[in-house]
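# Coordinate inspection notes
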Amino acid sequence: MKIDILTLFPEMFTAVTQSSILGKAGEKGIININLINIRDYSKDKHNKADDTPFGGGPGMVMLADPIFGALEAAEAGKKRVIYMSPRGRVLDQELITELTEEEELVILCGHYEGVDQRAIDYWNMEEISIGDYILTGGELPAMVLVDAVARFLPDVLGNELSTSDESIYSGLLECDQYTKPRNYKDMEVPEVLTSGNHKMIHLWQYENALILTRKRRPDLWKAYLEREKNLTKDEKKILEKVVAKPF
């Protein structure tokens, strides 16, 4: 997948795109992240990319012309163009899965009070939000989107089960995790996890995930109960036990 990111602050992305999983995916050629500085397409001698809004109000609005220039350089007319915006569709599992099917994406990061609406309209941008809160710009939301999408690309995580078993994607919150040593500050790792009995370990993890989801995310719990599940006899017993358990 190739992702063009249009931003006023390309330096913000370097640590993310060149490190950890995304960095390794880039080295393997699985994902190609191309950073485009919107200021490079400003016709102002000071590389100005914003101005005061018509109608008044606080803050500045990003100019349409530099954005048009950056989008043209990215050949965005042939690609799916996303604008990170708090008024957009919320990024969720369904949307992430949908985006992974694209070969190319273009992401515009707004700043200040937003961007000239004409740029959004002309390029038929799809507005996407990462939540009902405001950040200083679209750079951090763009990083969240890229990281979430990249994890579903083949060979990025190195294990096709890594995403399907994770919190949220499985329909349940992830179970508690432990590592060495077995005893730390008089706190013991649950004995079943060190037993080597894979069936019992799985059932413990399933029950733990059910309990956590019921306690912390009633919305996910309700959706999980309503959805058809292909459970084993033992898993059904665990589910019935947790459903009947008072909290």
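Nothing here was measured: the structure is a model prediction, and the numbers come from that model. (Residues numbered from 1 in each chain as written. Predicted model: local features only at pLDDT ≥ 70, side-chain atom pairs only at ≥ 80, totals over all residues. Heavy atoms only, no water.)

## Some thoughts on the sheet that holds strand β1 (residues 2-7)
Spatially, β2-β1-β6-β5-β7 is the arrangement adopted by the 5 strands of the open sheet, whose pairing is parallel. The open sheet has two edge strands, β2 (32-37) and β7 (126-129), and neither has a second partner. Recorded for the sheet is a direction-independent mean angle of 35° between the axes of neighbouring strands. Packed onto the sheet, helix α3 (residues 64-73) meets β1, β2, β5 (80-90) and β6 (104-109) and runs at close to 165° relative to β1. Each of β1, β2, β5, β6 and β7 touches helix α6 (residues 139-150); the most contacted strand, β6, lies at about 160° to it. (Pairing = 2+ DSSP bridges. Helix = DSSP H or I, 4+ residues; strand = E, 2+ residues; numbered from the N terminus. Axes fitted to C-alpha atoms, helices over the stretch in contact; angles between N-to-C directions. Contact = heavy atoms within 4.5 Å.)

## What about unusual backbone geometry?
Going from Lys180 to Pro181, the amide bond is cis rather than trans, its omega being 0°. Non-glycine residue Asn47 carries a positive phi angle of around 60°. Structurally, the position occupied by Asn47 is in the loop between β2 and β3 (50-51).

## Quick look at a nonpolar patch on the surface
Residues Met12, Tyr133, Leu135 and Leu140 make up a contiguous nonpolar surface patch of roughly 360 Å² in combined accessible area. The residue Leu140 is located in helix α6 in this model. (Patch = residues over 30% accessible without salt bridge, like charges linked within 9 Å, V, L, I, M, F, W, Y side chains within 5 Å. Areas by Shrake-Rupley, 256 points an atom, 1.4 Å probe, with all protein chains shown as cover. Salt bridge = Lys/Arg side-chain N within 4 Å of Asp/Glu carboxyl O.)

## Focus: the packing of helix α9 (residues 218-226) against helix α10 (residues 233-244)
Where α9 contacts α10, the two axes come as close as 13 Å, and the packing angle between them is 135°. In terms of axis orientation, α9 runs oblique to α10. Considering only the axes of α9 and α10, their crossing is left-handed. Judged by residue contacts, Trp221, Tyr224 and Leu225 of α9 engage Leu239, Val242 and Val243 from α10. Among the residues forming the contact of α9 with α10, the class breakdown is 6 nonpolar, no polar and no charged. (Parallel < 35°, antiparallel > 145°, perpendicular 65-115°, else oblique. Left-handed = near helix turned anticlockwise from the far one by under 90°. Nonpolar A, V, L, I, M, F, W, Y, C, P; charged D, E, K, R; others polar.)

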